[in-house]
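Per-entry structural report
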Amino acid sequence: MDSRKGVSREELKQGAVVLLAVLLVLGLVSAWSVLIPGVMDWDNIVVAVIGSLRLTGPVAAAFAAWVAARRRRADRLRALTTWQAVRPPLAILMVVVGAFCATMTVLAVRALITGEGDGPLPGGVAMGAAGLSLYVVAGWVVGWVAPVAVAPLAAGFGTYALFTWLAGGAPWADRLAPAVHDPYDALRMMPAAALTDQALWLVGITTAILLGWAALITRQTLALAAALIALLAAGTGVARLLGEPQEVAASESIAYTCQEWPIVVCVHPGMRGGLGELGSTFTTIAARLAGTPAAFNRVEQRSRSDTEETGKGVVPIHVDDLDPGYADRAASEFVEGLARPCPGSPAGGYRAIVVAWLRDEPLPSGPLPEHRRAATWFARLTEAQRRDWLRMFFTDFATCRLQSRYFGGDVRREPPTAPSYPMNPPYEHEDTVPSRHGTPTPGAGETARRHSRVR
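Anyway, here's the lowdown on the structure attached to this text. Here the structure is a predicted model, which is why all the values come from computation and not from measurement. (Residues numbered from 1 in each chain as written. Predicted model: local features only at pLDDT ≥ 70, side-chain atom pairs only at ≥ 80, totals over all residues. Heavy atoms only, no water.)

1. Some remarks on the overall build of the protein
Operational definition: Runs of E in the DSSP output that reach at least two residues are strands. Runs of H or I that reach at least four are helices, and both are numbered from the N terminus. Buried residues are those whose accessible area, probed at 1.4 Å on protein chains only, stays under 20% of the maximum for their type, while exposed residues exceed 50% and partly exposed ones sit between those limits. Each accessible area is a Shrake-Rupley estimate made with a 1.4 Å probe; only the visible protein chains count as cover when residues are assessed.
Within the protein one finds 16 helices and 4 strands. Burial status across the protein gives 46% buried among its 455 residues. If you sum the accessible surface of the protein, you get close to 22200 Å²; carbon and sulfur atoms cover 61% of it.

2. Quick word on the state of the cysteines
Definition in use: Only a pair of cysteine sulfur atoms within 2.5 Å counts as a disulfide in this structure description.
For the structure shown, the criterion picks out 2 disulfides. Shown here is the disulfide that connects Cys258 with Cys266, its sulfur atoms set 2.0 Å apart. Its torsion about the S-S bond being 110°, the disulfide of Cys258 and Cys266 is classed as right-handed. A relative accessible area of 0% places Cys266 in the buried class. Two residues share a disulfide in this structure: Cys342 and Cys400, whose sulfurs sit 1.5 Å from each other. One end of the pair, Cys342, is in the loop between helix H12 (326-336) and helix H13 (347-359); the other, Cys400, is in the loop between helix H15 (383-398) and helix H16 (442-454), with 58 residues separating them in the sequence. The exposure class assigned to Cys342 is buried, which follows from its relative accessible area of 11%. Since its relative accessible area comes to 14%, Cys400 is described here as buried. Numbered by position along the chain, the disulfide-linked cysteines of the protein connect as 1-2, 3-4.

3. Looking at the packing of aromatic side chains
For clarity, the threshold we go by: Two aromatic rings, drawn from Phe, Tyr or Trp (for Trp, its six-membered ring), form a pair once their centres lie within 6.5 Å of each other, and the interplanar angle then sorts them: stacked below 30 degrees, edge-to-face above 60, tilted otherwise.
Within this structure, the stated rule accounts for 16 aromatic pairs. Seen in terms of ring centroids, Tyr135 and Phe163 are 4.7 Å apart; in terms of plane orientation they differ by 70°. Their pairing is edge-to-face. Here Phe163 lies in helix H6 (residues 151-167) and Tyr135 lies in helix H5 (residues 122-145), a separation of 28 residues in the sequence. Look at Tyr135 and you get buried, because its relative accessible area is 2%. Residue Phe163 is classed as buried on the basis of its relative accessible area, which comes to 8%. Through pairs of rings, three or more aromatic residues link up here, namely Tyr350, Trp357, Trp377, Phe378, Trp389, Phe393, Tyr406 and Phe407.

4. Let's talk about the environment of Pro316
Under the convention used in this document: Throughout, a residue-residue contact means that at least one pair of heavy atoms, one from each residue, lies within 4.5 Å.
Take Pro316: it is sitting in strand E4 (residues 314-317). Residue classification places Pro316 among the partly exposed positions, given a relative accessible area of 37%. As a C-alpha pair, Pro316 and Arg304 span 12 residues in sequence and 9.6 Å in three-dimensional space. With near-sequence residues (within four places) excluded, Pro316 lies in contact with Glu300, Arg302 and Thr310.

5. Here's the deal with the pairing of strand E2 (residues 264-267)
Quick note on the threshold: Criterion used throughout: strands pair if DSSP finds at least two bridges between them.
The alternating pattern of E2 places Val264 and Cys266 and Val265 and Val267 on opposite faces, both of which are buried. Strand direction decides the pairing type here: strand E1 (residues 257-259) and E2, joined by 3 bridges, are antiparallel. Residue pairing in the sheet places Gln259 in a bridge with Val265 of E2. Taking the residues between adjacent antiparallel strands as the criterion, E1 and E2 are bridged by 4 residues.

6. Remarks on the pairing of strand E3 (residues 298-301)
A regular strand places its side chains so that they alternate between the two faces of the sheet. Counted only if it meets this: When the strands point away from the viewer and the path from the first strand over the helix to the second turns clockwise, the crossover is right-handed.
Bridge count between E2 and E3: 3 bridges; the pairing is parallel. Note that in E3 the partner of Val265 across the bridge is Val299. Each parallel crossover has a hand, and for E2 linked through helix H11 (residues 275-289) to E3 it is left-handed.

7. Some details on the side chain of Ser332
Note that Ser332 resides in helix H12. If near-sequence neighbours (up to four positions away) are discounted, Ser332 is found in contact with Arg359 and Glu361.

8. Things to note about the environment of Arg302
We count it as follows: In protein, a polar contact requires one atom able to donate a hydrogen and another able to accept it; more generally it is a pair of N or O atoms within 3.5 Å, and residues adjacent in sequence count only if both atoms are side-chain atoms.
Along the chain, Arg302 falls in the loop between E3 and E4. Polar contacts involving the side chain of Arg302 include one to the side chain of Glu300, which spans 2.7 Å.

9. Structural notes on the sheet that holds E1
Quick note on the threshold: Axis lines are fitted to C-alpha atoms, over the contacting stretch for helices. Their N-to-C directions set the angle, which ranges from 0 to 180 degrees.
With mixed pairing, 4 strands are arranged side by side in an open sheet as E1-E2-E3-E4. A single partner strand is all that each edge strand has here, and the edge strands are E1 and E4. Across the sheet, the mean angle separating the axes of adjacent strands is 20° when strand polarity is ignored. When E3 meets E4, the two strands line up parallel, connected through 4 bridges. The residue of E4 that forms the bridge with Val299 is Val315.

10. Here we look at the packing of helix H3 (residues 53-74) against H6
Selection criterion: Each crossing gets its hand from how the near helix is turned against the far one by less than a right angle, where anticlockwise is left-handed and clockwise is right-handed. Only Asp, Glu, Lys and Arg are considered charged, only Ala, Val, Leu, Ile, Met, Phe, Trp, Tyr, Cys and Pro nonpolar, and every remaining residue, Gly among them, polar.
Interaxial distance between H3 and H6 falls to 7 Å at its minimum, and their mutual angle equals 145°. Between H3 and H6 the crossing geometry is right-handed. Judged by residue contacts, Arg54, Pro58, Ala61, Ala62, Ala65 and Trp66 of H3 engage Ala151, Pro152, Ala155, Gly156, Thr159, Tyr160 and Ala167 from H6. The class makeup of the residues in the contact of H3 with H6 is 10 nonpolar, 2 polar and 1 charged.

11. Considerations on the environment of Pro178
Mapped onto the elements, Pro178 comes out in the loop between helix H7 (171-174) and helix H8 (192-218). Each residue touching Pro178, except ones within four places of it in the same chain, is listed here: Ile50, Leu53, Met127, Gly131, Tyr135, Phe163 and Leu202.

Here's what the structure looks like:
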């Protein structure tokens, strides 16, 4: 177009180049910032690029509004055909979708090297491109309806506010927005059918808005009929979308990557690099919990939003990333869940001793003298004795009923033929109610000491 039409060809070309560069940089930075550290998986890349629309979409809408406002001022008295009306926004759409595809290509190069699976879901890619197109058409209509200097700002901030509100609204509303849930969860993905239905809705509503606008300014019945057909397609997409489950658990949507020995450890395929450290950490914990009600032989990574019950011997863990210390964080969270907290109770110090041992950390001294004596006594036990001790008193540990009488006395250095744990002599005052487990009596300890003196 020439300068008399409000935007010269040179201006449009320069603007398109700048827009392409800005969208590419914004898309890469935004997508990379939400990718799970240490994970490079096709599904996560697609979700991250869709999430980048929160920034790239308003920028595209602002540019479309700027071009539309200038074109409206230039074409105020000129009759337009349907093709002449829709050609400029379609040109902008090509630039914007091109930037989206370039962003996907850059991230896909890395995924091809380290990713897992058969490639990105076509429905996810189509949804991202369709969502960006909706931003452009919305911005174009705003700029055309209000051809003023602030139209680009109104389009950018308006679309950002609208779609952010939809994404955080009711369950039915967030499916209508070109967005995904934040934070991004590798184990709670939208089903492939839902992505395709959402793409159908976005394409349909975008086409309906564009053709409806064209029919309004050109007064062409054919354009209006096409807009109605596109609206029917959008309605079909919405109906199908609302009938689909919003998310599916990892067990239904992905095939775990597992390490089979010495215990089974299963994680999201994109996190397979963490199997070795997770296996080593949880094998130690599994050995120490053997014979207790918390014994397990399989570990599965689960989503934090997953409330599905696990089978016997299966432990769900949460691994949010593969940053240094990920295995220790997952183990600490699991161990902390074995026993309820004991705030303000002496039993809390004894609980901390057992938790530290299960975590393979130095035993804490505790705030009270009896805690320090208990930690010293527990440290002198052999590994086998500690495991026997935990099997005997696990229920007290889990229910915050450990007492000072469970820790104390001389420790036999040689492994006993039967579990025998010397206890403190009876105290005049106990810090908790006596356990229902039948703690060995002082007489039993005295008998053991006499037997030792005889030998």
